[in-house]
Structure formats: C-alpha cells, structure tokens
Amino acid sequence: MPVISISLSSKLLRKLDMFMRDKGYSSRSEAIRDGIRDLLAEFELSKLEKGKVTATITVISAHERHDVDQRLMRLRHEHDEIVSADMHIHLGREYCLEVFITRGEAEKVLGFISKIRAMRGIQQVKYTMVPLLDENT
Ligand code: NI
C-alpha cells in the first residue's frame, strides 16, 4: 500500500485520536481511509443527481481567516447565476457561519459545493439538496 504524509493541526489530530479510540479503529490510517471512502461515496451519489435543484449550503470557517471570507465572496460572484442569497453570521468570536441558498442545475450546484470544500481554511461544509419538480408534472 502506498504511504502518504498529510498535515493536520494538532487540534484536529487530537480529535482524530479521540474519535479513533471511541469507534475502535486500530490505526489512524484505518480511520482516515474510512473518511476518504465516505467523502468519495458522497460525490459518487451526487453525480446521480440530475435536473433542477435547490440547495442550502452551510459553511463554517475560523473567524481569524479573513482570506476565507474574501475567497468565498469571489466564488459566490463567479456563481451568481445559481446563488440566490447568502448570509454571514458570527458564532461567538471563533467561527464564521456562511449560508448560501442556491438554485439551478444539480451539476452546477454540486460544482459550487466542491469548490467550497476544496478551499483552504474551511472547517465544515454541509448541504441539503431538494429536487425541483418540473412545472409540467
Ligand atoms: Ni466573519
């Protein structure tokens, strides 16, 4: 099996170790492999989504990372045709919460979500997607 090295913050590593012990994983590698499988499975599933959808996307980032806000807003402008609204809220002093309401072709909405996921400094991305039925049905 190929061996790769990854960088994690010490806080995230502590959480990973706690999670591992709680869930009974025998190694960090095993836990990380499982996480990767889940992430890939989610994208495989999302490829099956076709047609028009509406999605609410929740993004959490560290408040100190102002660069994340800037990059998120640039991305938002690049996807203006699918982003109907967005809201920025502060969760205490530590975190920023961004909520995007989107609407459009599933492929485009999922592309937008992938780009947010791939962005440095983002802590969590969750979304709820609802298919929009054809007006004629
Ligand atoms: Ni903020």
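The rules behind each value
- Residues numbered from 1 in each chain as written.
- Predicted model: local features only at pLDDT ≥ 70, side-chain atom pairs only at ≥ 80, totals over all residues.
- Heavy atoms only, no water.
- Pairing = 2+ DSSP bridges.
- Helix = DSSP H or I, 4+ residues; strand = E, 2+ residues; numbered from the N terminus.
- Axes fitted to C-alpha atoms, helices over the stretch in contact; angles between N-to-C directions.
- Phe/Tyr/Trp six-rings, centres within 6.5 Å; stacked < 30°, edge-to-face > 60°.
- Buried < 20%, exposed > 50% of the residue type's maximum accessible area, 1.4 Å probe, protein only.
- Donors = N, O, S within 2.8 Å, 3.2 Å for Na, K, Ca; no water.
- Expected span 1.5 Å × (residues − 1).
- Domains from an automatic or database assignment.
- Contact = heavy atoms within 4.5 Å.
- Buried area = accessible area lost by both parts, 1.4 Å probe.
- Salt bridge = Lys/Arg side-chain N within 4 Å of Asp/Glu carboxyl O.

A. Representation of the sheet that holds strand S1 (residues 52-62). The antiparallel open sheet is built from 4 strands, whose spatial order is S2-S3-S1-S4. The outermost strands of the open sheet, each flanked by one partner alone, are strand S2 (83-91) and strand S4 (122-131). Adjacent strand axes in the sheet meet at a mean angle of 15° when their direction is disregarded. As defined by bridge partners, S1 adjoins strand S3 (residues 95-105) across 11 bridges and the pair is classed as antiparallel. Residue pairing across strands places valine 53 opposite glycine 104, the latter belonging to S3.

B. Seen up close, the packing of aromatic side chains. Inspection of every chain in the model, using the stated rule, returns 2 aromatic pairs. Their ring planes at 85° and their centres at 5.3 Å tell us that phenylalanine 100 and phenylalanine 112 sit as a pair that is edge-to-face. Here phenylalanine 112 lies in helix H4 (residues 106-117) and phenylalanine 100 lies in strand S3, a separation of 12 residues in the sequence. Taken individually, phenylalanine 100 and phenylalanine 112 each receive the classification buried, so the pair is uniform in this respect.

C. Highlighting the pairing of S2. One ladder, built from 8 bridges, connects S2 with S3; its direction is antiparallel. Bridge pairing links isoleucine 89 to leucine 97 in S3. Where S2 hands over to S3, the hairpin turn is made up of 3 residues, of which glycine 92 adopts a positive phi near 65°.

D. Representation of the coordination of the nickel ion within the structure. Only His88 (NE2), His90 (NE2) and Cys96 (SG) from the protein coordinate the nickel ion, and they sit 2.2 to 2.3 Å from it. Going along the chain, you hit the donors of the nickel ion in the pattern H-x1-H-x5-C.

E. Spatial organisation of helix H1 (residues 10-23). Given a rise of 1.5 Å per residue, 14 residues ought to cover 20 Å, and the 20 Å separating the end C-alpha atoms of H1 matches this to within 8%. Positive phi shows up at glycine 24, right after H1, with a value of about 80°.

F. Structural detail: the domain arrangement of the protein chain. Considered domain by domain, the protein chain is made up of domain 1 (10-45) and domain 2 (51-131). Computed over C-alpha atoms only, the centres of domain 1 and domain 2 are separated by 24 Å. At the interface, 4 residues of domain 1 touch 5 residues of domain 2. Contact between domain 1 and domain 2 buries roughly 330 Å² in total, counting both sides, with carbon and sulfur atoms accounting for 38%. Three residues, Lys11, Glu42 and Phe43, lead the burial of domain 1 against domain 2; their summed loss comes to 88% of the area buried on that side. At the boundary of domain 1 and domain 2, one finds 1 salt bridge. Of the charged contacts, one joins glutamate 94 and lysine 11 as a salt bridge, the two residues approaching to 3.8 Å between their closest N and O atoms.

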